[in-house]
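# Fold and contact review
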Amino acid sequence: MVCLGNICRSPLAEGIARHKIKLRDLPWTVDSVGTSGWHQGEGPDKRSVKAAKDNHIDISNLRARQIQLDDLRIFDALITMDAQNYQDVKRLGPDLASDKLFMMTNFLYPNQNKPVPDPYYGDMDGFYEVFDLLDASVDAMIDYFLEEH
Ligand code: 4NP
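Now for a description of the structure that goes with this document. By convention here, each chain's residues receive numbers from 1 onward along its written sequence. Thresholds applied to this predicted model are a pLDDT of at least 70 for local features of residues and 80 or more for the giving and counting of side-chain atom pairs; totals over whole chains, interfaces and linings are not thresholded and use all residues. Working from all heavy atoms in the structure, the side-chain values ignore hydrogens and water.

## Some thoughts on the site of the ligand
In plain terms, the rule: We call a residue near a molecule or strand when any one of its heavy atoms sits within 4 Å of it. N or O atoms within 3.5 Å of each other form a polar contact, as long as, within protein, one can give a hydrogen and the other can take it, and as long as residues adjacent in sequence are counted only when both atoms are side-chain atoms. Throughout, the Shrake-Rupley method with a 1.4 Å probe supplies accessible areas, and for residues the shown protein chains are the sole cover considered. Each residue gets one label: Ala, Val, Leu, Ile, Met, Phe, Trp, Tyr, Cys and Pro are nonpolar, Asp, Glu, Lys and Arg are charged, and the others, such as Gly, are polar.
Surrounding the ligand, one finds Cys-3, Leu-4, Gly-5, Asn-6, Ile-7, Cys-8, Arg-9, Trp-38, His-39, Asp-118, Tyr-120 and Tyr-121. Asn-6 has a polar backbone atom sitting 3.2 Å from an oxygen atom of the ligand. Within the complex, the protein chains bury 93% of what would otherwise be the 350 Å² of accessible surface of the ligand. Of the residues assigned to the shell around the ligand, the class counts are seven nonpolar, three polar and two charged.

## Considering unusual backbone geometry
Rule in force here: Counting from the N terminus, the helices are the DSSP runs of H or I reaching at least four residues and the strands are the DSSP runs of E reaching at least two.
Not every positive phi belongs to a glycine, and Asp-25 is a case in point at roughly 60°. Here Asp-25 is to be found in the loop between α1 (9–23) and β2 (33–34). A positive phi angle, close to 50°, is found at Asn-113, a residue other than glycine. With respect to the helices and strands, Asn-113 occurs in the loop between β4 (101–103) and α6 (124–148).

## Some words on the pattern of salt bridges
Quick reminder of the rule: The salt bridge definition used is simple: a Lys or Arg side-chain nitrogen within 4 Å of an Asp or Glu carboxyl oxygen.
Within this structure, the stated rule accounts for eleven salt bridges. A salt bridge links Glu-14 to Arg-18; the nearest nitrogen and oxygen atoms lie 2.7 Å apart. Of this pair, Glu-14 and Arg-18 both sit in helix α1, four residues apart, which is roughly one turn of the helix. Among the ionic pairs, Asp-70 bridges to Arg-73, the shortest N-O distance being 2.7 Å. Of the two residues, Asp-70 and Arg-73 are both situated in helix α3 (residues 69–74); the distance of three residues between them amounts to about one turn of the helix. Look at the salt bridges and you will find they share partners, linking Lys-20, Asp-135 and Asp-139 into a network.

## As for helix α2 (residues 46–53)
The line we're drawing: Think of it in three bands: residues with accessible area under 20% of the maximum for their type are buried, residues over 50% are exposed, and the middle band is partly exposed, with areas taken using a 1.4 Å probe on protein chains only. Directions drawn from the helix axis to the C-beta atoms are what define this arc. Whether two residues touch is decided by their heavy atoms; if any such pair falls within 4.5 Å, the residues are in contact.
Taken residue by residue, α2 has Ser-48, Ala-51 and Ala-52 as its buried positions. Along the axis of α2, the buried residues cluster in a sector spanning 100°; they form a single face. Away from its buried face, by an angle of more than 90 degrees, α2 presents the exposed residues Lys-46 and Lys-53. Looking at the buried residues of α2, the elements they touch are α1 and α6.

## Observations regarding a nonpolar patch on the surface
The line we're drawing: A residue counts toward a patch only above 30% relative accessible area and without a salt bridge, and it is joined to like-charged neighbours within 9 Å or, for Val, Leu, Ile, Met, Phe, Trp and Tyr, to nonpolar neighbours within 5 Å.
Together, Leu-69, Leu-92 and Leu-96 make up a nonpolar patch on the protein surface, roughly 200 Å² of accessible area in all. For Leu-96, the position within the fold is in helix α5 (residues 94–97).

## Overview of the side chain of Lys-20
Counting through the fold element by element, Lys-20 comes out in helix α1. Residues in contact with Lys-20, not counting those within four places in the same chain, are Asp-135, Val-138, Asp-139 and Ile-142.

## Quick look at the packing of α1 against α6
To keep things clear, this is the line we draw: Interaxial angles span 0 to 180 degrees and are taken between N-to-C directions of axes, which are lines fitted to C-alpha atoms, for helices over the stretch in contact. Reported orientations rely on four angle classes, namely roughly parallel under 35 degrees, roughly antiparallel over 145, roughly perpendicular from 65 to 115, and oblique for the rest. The hand of a helix crossing depends on one turn: near helix anticlockwise from the far one by less than a right angle means left-handed, and clockwise means right-handed.
Packing of α1 against α6 brings their axes to within 9 Å, and their N-to-C directions diverge by 45°. With respect to α6, the axis of α1 lies oblique. As α1 packs across α6, the resulting crossing turns out to be right-handed. Contacts from Arg-9, Leu-12, Ala-13, Ile-16, Ala-17, Lys-20 and Ile-21 in α1 reach Phe-127, Val-130, Phe-131, Leu-134, Asp-135, Val-138, Asp-139 and Ile-142 in α6. Grouping the amino acids of the contact of α1 with α6 by side-chain chemistry returns eleven nonpolar, no polar and four charged.

## Describing the environment of Leu-101
Mapping Leu-101 onto the fold places it in strand β4. Judged by relative accessible area, Leu-101 falls into the buried class, the value being 10%. C-alpha of Leu-101 to C-alpha of Lys-46: the two residues are 55 residues apart in sequence and 28 Å apart in space. Beyond its immediate sequence surroundings of up to four residues, Leu-101 is in contact with Leu-78, Thr-80, Tyr-86, Val-89 and Lys-90.

Below, the structure is given as structure tokens:
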């Protein structure tokens with residue numbers, strides 16, 4: 001799961017995905033990263049922690065890190081929150097990323113390239129909206145990987 005800071009959107013995506021993967025007893029691992037290293041080592045934004053907690057998911061122990069080239073080698077899918085994240089991952093490793101780079105909301109709204117909006121400069125409502133969008137997108141993502149790939 002890839003966003004810019006790895007403190008707002010992608011930790012939520014990671015927490016939601018971990019939760020659903022566990023419920024469905026799937027042998028998948030999930031991690032999250034930022035394209036930037038601005039918040040390296042920090043926990044998630046308090047508002048993301050709250051949005052998750054209010055939905056019975058604990059993300060408080062996650063720590064931000066910047067994406068590395070090895071992530072493009074290790075993981076089978078790289079799922080970005082917006083078009084800038086998508087371009088940044090592609091630029092980091094065009095060959096490595098080519099077959100496994102996705103926009104998160106495209107699992108839910110195919111080919112529309114809708115962003116998961118960056119909630120950082122907004123209020124708590126934006127974080128709940130991001131949670132709901134990720135919750136639905138992650139369900140669609142799991143169905144996609146189970147059904148077709
Ligand atoms: P994220 O949100 O990419 O969802 O983690 C942001 C976090 C921090 C900043 C921007 C977006 N920032 O400018 O520090």
